[in-house]
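Each chain, written out:
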Amino acid sequence: MGTEPQLKFYNTLTREKVDFHPIDRENVRLYVCGPTVYDFAHIGNARPAIVFDVLFRLLRQVYGESHVTYVRNITDVDDKINLRALRDHPGLPLNQAIRLVTEKTETQYREDAIALGCLEPTAQPRATENIAQMIEIIEKLIAKGHAYQAAGEVLFDTKSMSDYGQLSKRNLEEQQAGARVAVDAHKKSAGDFVLWKLSDESEPGWESPWGRGRPGWHIECSAMSGHYLGDVFDIHGGGLDLIFPHHENEIAQSRCAHGTDVMANVWMHNGFLQVEGRKMSKSEGNFVTIYELLRTDKLGGRTWPGAVLRLAMLMTHYREPIDFSVKRLEEAERLLAKWPAADVGVATPDAAVVAALADDLNTVAAIQALHALAQAANADAGVLPIFAASAALLGLLPEKVEIDDAVVSEINRRVSARLELLKAKNFAEADKIREVLSAEGIQLKDGKDAATGERTTTWEVKR
Ligand code: AMP
Ligand code: ZN
């Protein structure tokens with residue numbers, strides 16, 4: 001790119017939009033908390049996947065494809081996973097049952113993310129493959145007086161960190177009153193949280209200096225981000241619900257272990273998504289997975305293409321709440337249908353689209369600019385490459401559909417047959433062919449040959 005846009009992001013840590021300056025522009029580093037793999041991802045989980053994919057694409061655009069490292073972890077140690085394994089595979093040894101649950105869920109998550117147009121992150125580390133790094137951080141925390149052992153657990157001592165609570169802006173008293181913080185007698189303070197807990201025979205466990213046990217949730221992300229991105233990195237992301245306690249505690253662990261002032265320079269959080277005006281929950285019956293939207297008629301009585309789901313998500317700014325509804329999906333679908341198909345080329349994305357994204361990922365303005373480009377490209381094919389590059393920056397490139405030669409000749413045969421019928425004024429039969437083709441996803445466009453004045457028909461595959 002010629003002149004580089006100044007990226008600005010809203011930083012939850014300082015509660016303001018700030019200019020972004022990477023620590024090392026040769027290697028811009030982003031970490032996003034990934035899924036806990038015990039159940040298929042719901043459409044709410046799709047929001048951080050899509051939002052931070054747009055961020056990843058923008059960073060690659062500005063700093064170069066090979067100069068961005070994006071890590072999205074897989075949380076495959078969690079008591080919810082153990083419960084699910086026992087429920088779904090009661091006859092199997094627990095380790096085997098857990099592996100079945102986590103492998104199936106992880107594979108589905110990756111497929112869902114790809115269907116939603118998300119690039120594969122640079123690394124997708126699993127918690128179970130980073131236990132040694134977790135143990136190392138916990139050892140450092142104990143050595144530096146930030147952690148202690150009590151009642152079969154190693155706990156982080158929140159009072160040992162003078163500025164604990166900076167991200168969520170809660171003071172210790174508020175945290176103690178917080179409903180999500182369990183008050184246990186063995187803790188020095190109510191806000192102290194688990195770094196390691198002993199496992200009994202029936203629970204998964206790893207050998208450690210404190211006995212066979214398993215890590216707490218927060219330590220997993222401190223270990224994986226540190227291992228892949230270093231003690232201090234550029235951007236840490238996740239949903240709003242993770243600010244407290246998860247991200248607050250990641251910060252406490254990483255900063256105290258490594259002796260740094262920050263863990264990540266910028267903290268970005270996506271807002272929450274609800275479905276048809278209500279908070280998504282299994283009991284409400286409006287809990288909908290990405291898989292169900294892509295492959296079943298659970299919402300609106302039909303399936304939805306990944307690109308429609310993605311556009312519907314990006315039609316709202318990432319920090320605002322979203323109401324995911326059939327109406328919104330239909331709106332996204334109508335918009336997409338007006339955009340031309342194109343192949344990714346080497347063109348540079350439109351400056352207005354880049355500028356919109358550079359302004360704290362303003363996807364709403366970016367989509368408006370993209371739509372104007374689509375209209376220009378429909379009128380003038382010369383604009384198509386810029387439209388394609390801009391759509392690709394949002395992960396919204398309507399791709400040309402490849403169909404094989406035999407199918408092409410069969411469609412051509414039916415289109416010619418219809419032209420013959422029209423010539424013979426057999427409109428009813430001609431319309432039938434049009435309808436059958438339409439049901440197969442083939443759209444006909446009638447015109448007139450400029451030279452001969454004869455009726456012509458072209459066709460294209462509807463997306
Ligand atoms: P979980 O597997 O519950 O840890 O969630 C994975 C990611 O999805 C986290 O970044 C959450 O903040 C995010 N998330 C979960 N539910 C929603 C929702 N309804 N709307 C937006 N983001 C969500
Ligand atoms: Zn995390």
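Model, not experiment: these values are computed from the prediction.

## So, the packing of aromatic side chains
(1) Moving on: Counted according to the given criterion, the structure contains eight aromatic pairs.
(2) Moving on: Joined through ring pairs, the aromatic side chains of Phe9, Phe20 and Tyr63 make up one cluster.
(3) Moving on: The ring of Trp304 carries the charged tip of Arg302 above its face, separated from the ring centre by 3.7 Å.
(4) Moving on: In this structure, Arg319 is placed above the aromatic ring of Tyr10, and the distance from its NZ or CZ to the ring centre is 4.0 Å.

## Structural notes on the coordination of the zinc ion (ligand 2)
(1) Moving on: Those donors, Cys33 (SG), Cys221 (SG), His246 (NE2) and Glu250 (OE), are the protein atoms that reach the zinc ion (ligand 2), and they lie 2.0 to 2.5 Å from it.
(2) Moving on: Taken together, the four donor atoms surrounding the zinc ion (ligand 2) define angles of 75 to 130° at the centre, an arrangement classified as irregular.
(3) Moving on: Taking the relative accessible area as the measure of exposure, Cys221 reaches 1% and is therefore buried.

## Structural notes on the pairing of strand S7 (residues 193–198)
(1) Moving on: Pairing geometry for strand S6 (residues 153–156) and S7, over four bridges, is antiparallel. Opposite Val154, over in S7, you have Trp196 as the bridge partner.

## A look at empty space enclosed by the protein
(1) Moving on: Within this structure, the stated rule accounts for one cavity of 30 Å³ or more.
(2) Moving on: The computed volume of the largest cavity comes to approximately 40 Å³.
(3) Moving on: Around the largest cavity, the lining residues are Leu13, Met161, Asp163, Tyr164, Gly165, Gln166, Leu167, Glu248, Ile251, Ala252 and Arg255.
(4) Moving on: When its residues are assigned to classes, the lining of the largest cavity shows six nonpolar, two polar and three charged.

## Observations regarding the sheet that holds S6
(1) Moving on: Read from one edge of the open sheet, four strands run S5-S6-S7-S8, paired in antiparallel fashion. In this open sheet, the two strands that pair with only one neighbour each are strand S5 (147–150) and strand S8 (213–215). On average, adjacent strands in this sheet sit at an angle of 25° to one another, irrespective of strand direction.
(2) Moving on: Across three bridges, S7 lies against S8 in antiparallel orientation. Paired with Trp196 across the bridge in S8 is Pro215.

## Re the environment of Phe244
(1) Moving on: Of note, Phe244 is situated in helix H7 (residues 243–258).
(2) Moving on: Residue class for Phe244 comes out buried when judged on its relative accessible area of 9%.
(3) Moving on: For the pair Phe244 and Ile131, spaced 113 residues apart in sequence, the C-alpha to C-alpha distance is 23 Å.

## Quick look at the UniProt feature "binding site: Zn(2+)" (unreviewed entry) in the protein
(1) Moving on: Mapped onto the present numbering, the UniProt feature "binding site: Zn(2+)" (unreviewed entry) falls at Cys33, Cys221, His246 and Glu250. Of the residues just listed, which span 218 residues, no C-alpha pair is farther apart than 10.8 Å, and they cluster in one region.
(2) Moving on: If sequence neighbours within four positions are ignored, Cys221 has contacts with Tyr31, Cys33, Asn73, His246 and Glu250.
(3) Moving on: You can see His246 is positioned in helix H7.
(4) Moving on: With residues up to four places along the chain from it excluded, the contact list for His246 reads Cys33, Trp217, His218 and Cys221.

## Quick notes on the pattern of salt bridges
(1) Moving on: Summed over all chains, the structure comprises 26 salt bridges.
(2) Moving on: The salt bridge involving Lys432 is made with Glu429; its shortest N-O contact spans 3.2 Å. Note that Lys432 and Glu429 are positioned in helix H15 (residues 427–439) at a spacing of three residues, about one turn of the helix.
(3) Moving on: For Lys432, a relative accessible area of 47% corresponds to the partly exposed category.

## A look at the environment of Leu422
(1) Moving on: Looking at the secondary structure, you find Leu422 in helix H14 (residues 405–423).
(2) Moving on: Taking relative accessible area as the criterion, Leu422 reaches 7% and is therefore assigned buried.
(3) Moving on: In this structure, the C-alpha to C-alpha distance between Leu422 and Glu250, residues 172 residues apart in sequence, is 70 Å.
(4) Moving on: In contact with Leu422, not counting residues within four places along its chain, are Phe427, Ala430 and Arg455.

## Structural notes on the site of ligand 1
(1) Moving on: In the vicinity of ligand 1, 14 residues are found, and the nearest of them are Gly44, Asn45, Gly239, Asp241 and Leu273.
(2) Moving on: Take Gly239: an N or O atom from its main chain is 3.0 Å from an oxygen atom of ligand 1.
(3) Moving on: Between ligand 1 and the protein, one listed contact pairs an oxygen atom with a side-chain N or O atom of Asp241 at 2.4 Å.
(4) Moving on: Burial of ligand 1 by the protein amounts to 85% of the accessible area it has alone, namely 490 Å².
(5) Moving on: At three residues, the largest contribution of residues to the shell around ligand 1 is made by helix H1 (residues 43–63).
(6) Moving on: Looking at the shell around ligand 1, its residues break down into five nonpolar, eight polar and one charged.

Calculation notes
- Residues numbered from 1 in each chain as written.
- Chains lettered and ligands numbered in written order.
- Predicted model: local features only at pLDDT ≥ 70, side-chain atom pairs only at ≥ 80, totals over all residues.
- Heavy atoms only, no water.
- Phe/Tyr/Trp six-rings, centres within 6.5 Å; stacked < 30°, edge-to-face > 60°.
- Lys NZ or Arg CZ within 6 Å of the ring centre and 35° of its normal.
- Donors = N, O, S within 2.8 Å, 3.2 Å for Na, K, Ca; no water.
- Tetrahedral: all angles 85-135°; square planar, octahedral: opposite > 155°, others 65-115°.
- Buried < 20%, exposed > 50% of the residue type's maximum accessible area, 1.4 Å probe, protein only.
- Pairing = 2+ DSSP bridges.
- Helix = DSSP H or I, 4+ residues; strand = E, 2+ residues; numbered from the N terminus.
- 1 Å grid on protein atoms, 1.4 Å probe; cavity = no way out; pocket = protein on both sides within 12 Å on 5 of 7 lines; lining within 4 Å.
- Points joined across faces, edges and corners; volume = space filled by probe spheres on them.
- Nonpolar A, V, L, I, M, F, W, Y, C, P; charged D, E, K, R; others polar.
- Axes fitted to C-alpha atoms, helices over the stretch in contact; angles between N-to-C directions.
- UniProt positions renumbered as here; feature names shortened; annotations may be inferred.
- Contact = heavy atoms within 4.5 Å.
- Salt bridge = Lys/Arg side-chain N within 4 Å of Asp/Glu carboxyl O.
- Near = heavy atom within 4 Å.
- Polar contact = N/O pair within 3.5 Å; in protein donor to acceptor, adjacent residues only side chain to side chain.
- Areas by Shrake-Rupley, 256 points an atom, 1.4 Å probe, with all protein chains shown as cover.

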